[in-house]
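# Breakdown of the fold
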Amino acid sequence: MLSIFYILIYSYNFATSFDKNISEMAVTRLKRKAKRNKVKSKVRQETIQRLNTKPVIKSVDVEQIKEEFAKGSKTAKAKKEAKAEKED
């Protein structure tokens, strides 16, 4: 009779500890999933903001840029002529 009593107590303790472990594991899993979801949404929002950014438009002196290109093309022509003379 005493052994049946011990078996009942042991099975009750085992069942209650088993239920506690399951609930703790589920909470841990849900916390991890919630963190993952938050990180995903944060990354998504950052990429959307990055892709939607527009560059700052500054006032540009078009004539100055044309002069710089003209100077650059003259030096390039001079270098090509110098190479041609060396080869001859």
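Located above this text is the structure these notes cover.
Described below are features of the structure shown in this document. (Residues numbered from 1 in each chain as written. Predicted model: local features only at pLDDT ≥ 70, side-chain atom pairs only at ≥ 80, totals over all residues. Heavy atoms only, no water.)

### Overview of the overall build of the protein chain
What counts, and what does not: Helix numbering and strand numbering both begin at the N terminus, where a helix is a DSSP run of H or I of at least 4 residues and a strand a DSSP run of E of at least 2. Each residue's exposure class comes from its accessible area (1.4 Å probe, protein chains only) as a fraction of the maximum for that residue type: buried when under 20%, exposed when over 50%, partly exposed otherwise. Residue exposure ignores everything except the shown protein chains as possible cover, and the areas themselves are Shrake-Rupley values with a 1.4 Å probe.
Within the protein chain, the regular secondary structure consists of two helices and zero strands. When each of the 88 residues of the protein chain is scored for burial, the buried share is 0%. As displayed, the protein chain has an accessible area near 9,300 Å², and 61% of this comes from carbon and sulfur atoms.

### So, a negative patch on the surface
Worth spelling out the cut-off: To count toward a patch, a residue needs a relative accessible area above 30% and no salt bridge. Like charges then connect within 9 Å, nonpolar side chains (Val, Leu, Ile, Met, Phe, Trp, Tyr) within 5 Å. A pair is scored as a salt bridge if a Lys or Arg side-chain nitrogen falls within 4 Å of a carboxyl oxygen belonging to Asp or Glu. Neither His nor the chain ends is counted toward charge; the positive residues are Lys and Arg and the negative residues Asp and Glu. To locate a charge, the coordinates of NZ of Lys, CZ of Arg, CG of Asp or CD of Glu are taken.
A surface patch of like charges, here negative, comprises Asp61, Glu63, Glu67 and Glu68. With respect to the element layout, Glu67 can be found in helix H2 (residues 62-87).

### Concerning a positive patch on the surface
Positive charge collects at one region of the surface, where Arg32, Lys33, Arg36, Lys40 and Arg44 lie side by side. Relative to the assigned elements, Lys40 resides in helix H1 (residues 2-52). On the basis of relative accessibility, which here comes to 53%, the residue Lys40 falls in the exposed class.

### Re a nonpolar patch on the surface
Taken together, the side chains of Val60, Ile65 and Phe69 make up a nonpolar region of the molecular surface, amounting to roughly 320 Å² of accessible area. On the secondary structure map, Val60 appears in the loop between H1 and H2.

Any link to function would need more than the numbers given here.
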